[in-house]
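What the coordinates show
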Amino acid sequence: MSVGQCPIKAFVTSQQIADKVSLTGRGLSSAQIGEVAHFTIDAIQVLPVGGKPEVNLMYHDGFSVPVTLNQPRTEEPVWLASYTPPKASQGPLNLTVKW
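Residues numbered from 1 in each chain as written. Predicted model: local features only at pLDDT ≥ 70, side-chain atom pairs only at ≥ 80, totals over all residues. Heavy atoms only, no water.

**Let's talk about the overall build of the protein chain**
Quick note on the threshold: Going along the chain from the N terminus, every DSSP run of H or I of four or more residues is numbered as a helix, and every run of E of two or more is numbered as a strand. Any residue under 20% of the maximum accessible area for its type is buried, any over 50% is exposed, and the rest in between are partly exposed; the area is computed with a 1.4 Å probe on protein chains only. By the convention used here, residues are in contact when the closest approach between their heavy atoms is within 4.5 Å. Surface accessibility follows the Shrake-Rupley procedure with a 1.4 Å probe radius. Residue values consider only the protein chains on display as shielding.
Counting its regular elements, the protein chain contains zero helices and eight strands. Counting every position in the protein chain, which comprises 99 residues, the buried fraction comes to 35%. Intrachain contacts of the protein chain at a sequence separation of at least 6 include 66% that bridge at least 24 residues. Summed over its atoms, the accessible surface of the protein chain is roughly 5800 Å², and 51% of this surface lies on carbon and sulfur atoms.

If you want it as structure tokens, here you go:
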């Protein structure tokens, strides 16, 4: 069973970087319940980036989904995000990325 249009609304908060951060990957448009979904947060155009982004993924009922971030190359501000949706959703999940 898929999670309905999961997540298609994404907000990057920080006035200086919001239009320079790129979010890509299949996990932004689809995910399966109980299966790991992935997406990438690319802040290369923001250099220098101060620290790691804070990522929140939430259902409309307020239920939060844990998101794991890995940074394959510590010298590059690119993070691989993964999450596992635990339940179905009638609409998109809300994704917030902030520094």
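**Things to note about the environment of V67**
Here V67 lies in the loop between β5 (64–65) and β6 (68–70). As for V67 and H38, which are separated by 29 residues in sequence, their C-alpha atoms are 9.5 Å apart. For V67, the contacting residues outside a window of four places in its chain are F39, V55, L57, A81, S82 and Y83.

**As for the pattern of salt bridges**
Spelled out, the test is: A side-chain nitrogen of Lys or Arg and a carboxyl oxygen of Asp or Glu constitute a salt bridge if their distance falls within 4 Å.
Evaluation of the coordinates by the stated rule reveals three salt bridges. In this structure, D61 engages K87 in a salt bridge whose closest nitrogen and oxygen atoms are separated by 2.5 Å. With a gap of 26 residues between them, D61 in the loop between β4 (54–58) and β5 and K87 in the loop between β7 (78–83) and β8 (94–98) connect regions that are remote in the sequence. K87 sits in the partly exposed class, given a relative accessible area of 27%.

**Things to note about the pairing of β7**
One face of the sheet, then the other: side chains in a regular strand alternate in exactly this way. Formally: Only strands joined by at least two bridges in the DSSP assignment are considered to pair.
The buried fraction of β7 is high, at five of six residues. Bridging between strand β3 (residues 37–42) and β7 involves six bridges; their strand directions are antiparallel. Following the sheet pairing, H38 is matched in β7 by S82. In terms of strand pairing, β6 meets β7 through three bridges, oriented antiparallel.

**Remarks on the side chain of S82**
Examined against the element boundaries, S82 turns out to sit in strand β7. Residue classification places S82 among the buried residues on the basis of a relative accessible area of 16%.

**Describing the sheet that holds β7**
Basically, it comes down to this: Orientation is described by lines fitted to C-alpha atoms, with helices fitted over the stretch in contact, and by angles between N-to-C directions that extend from 0 to 180 degrees.
An order of β2-β3-β7-β6 is seen for the four strands of this open sheet, with the pairing classed as antiparallel. A single partner strand is all that each edge strand has here, and the edge strands are β2 (22–24) and β6. Adjacent strand axes in the sheet meet at a mean angle of 25° when their direction is disregarded.

**Re the pairing of β8**
Alternating positions in β8 separate cleanly, L95 and V97 being buried on one face and N94, T96 and K98 remaining unburied on the opposite face. By the bridge criterion, five bridges tie β4 to β8 in an arrangement that is antiparallel. Of the residues in β8, the one forming a bridge with V55 is V97.

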